[in-house]
Structure formats: structure tokens, C-alpha cells
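# Survey of secondary and tertiary structure
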Amino acid sequence: MRAAGAAFAFLKATEGGDFVDPRFAENWRGTGRAGLLRGAYHFFTFCRPGRDQAANFVAYVPRDPSALPPVIDLEMGGNCAARPAPDRLKAELDDFLRVVEPHCGKPRSST
């Protein structure tokens with residue numbers, strides 16, 4: 001990737017409350033060895049509470065002050081059929097971020 005001109009990579013780490021990308025640790029090490037800036041992302045589901053999903057994320061994503069801020073992948077397609085009300089979804093996302101932000105040492109972006 002570095003030879004192709006990439007400067008950074010976001011790697012899928014987790015999904016929901018119990019899925020971990022089986023190659024996440026390998027990819028994390030590999031991007032570090034390649035000298036790429038790296039960050040992890042979490043696929044957020046509507047089927048599990050935000051705090052459960054955050055516990056999954058912090059269990060597998062190492063604390064790394066040089067890492068890019070974590071990213072939440074929030075998609076309607078391929079997600080749980082249940083659709084929470086916007087205020088409920090915001091509350092679950094806030095619960096997720098309350099755990100993940102201190103772990104990663106990166107405050108949320110306002111954009």
C-alpha cells in the first residue's frame with residue numbers, strides 16, 4: 001500500500017457486540033510495519049446496545065497515541081432490521097463514544 005502511494009489506512013476492527021475481523025491484528029501490525037498512519041473502525045449495528053459494542057471495540061483495538069481517531073461505520077443496508085428512533089440511536093452512539101474516546105485518547109469530531 002505504501003509503495004502505491006497510500007499514507008494511511010482505516011481497518012475494520014469490530015462489528016456489533018461480538019464480531020472481530022479475524023485479520024484485524026495482522027493488518028494492524030502490517031500497516032504499522034509499513035509506516036502507514038492507521039486507524040480502526042467499528043460497524044455499528046442497531047441490534048446491540050452501544051456500550052456492548054464499545055466493549056467489543058476496546059477489547060481488540062490497542063491503545064496507540066499515534067493512531068488516527070476511531071471511526072463508526074453506520075449503514076442502513078446490511079444492518080439489523082430494527083430501526084431505532086433518531087434520539088435512541090444518538091443515545092446509543094453517545095454510549096459507544098463515552099467508552100471508546102477515553103480508550104483511544106481522541107475526542108469526537110464535530111464534523
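Residues numbered from 1 in each chain as written. Predicted model: local features only at pLDDT ≥ 70, side-chain atom pairs only at ≥ 80, totals over all residues. Heavy atoms only, no water.

## Digging into the environment of glutamate 92
Structurally, the position occupied by glutamate 92 is in helix α3 (residues 86-104). Sequence spacing of glutamate 92 and phenylalanine 46 is 46 residues, and the spatial spacing of their C-alpha atoms is 8.8 Å. (Helix = DSSP H or I, 4+ residues; strand = E, 2+ residues; numbered from the N terminus.)

## Re the sheet that holds strand β1 (residues 8-15)
Strand pairs in the sheet, formed through backbone hydrogen bonds, run parallel or antiparallel to each other. What the four strands build is an open sheet, ordered β2-β1-β3-β4; its pairing is mixed. A strand with exactly one partner marks an edge of an open sheet, and here the two such strands are β2 (19-20) and β4 (71-73). Pairing of β1 with β2, which is carried by two bridges, proceeds in the antiparallel orientation. Counterpart to glutamate 15 in the pairing with β2 is phenylalanine 19. (Pairing = 2+ DSSP bridges.)

## Points about the environment of phenylalanine 43
With respect to the helices, strands and loops of the structure, phenylalanine 43 is situated in strand β3 (residues 37-43). Looking at phenylalanine 43, the relative accessible area reads 7%, which means it is buried. Here the alpha-carbon distance between phenylalanine 43 and phenylalanine 96, two residues 53 residues apart in the chain, equals 12 Å. Leaving out residues up to four positions away in the same chain, phenylalanine 43 has contacts with Lys12, Thr14, Glu15, Gly16, Gln53, Asp73, Glu75, Gly77, Gly78 and Asn79. (Buried < 20%, exposed > 50% of the residue type's maximum accessible area, 1.4 Å probe, protein only. Contact = heavy atoms within 4.5 Å.)

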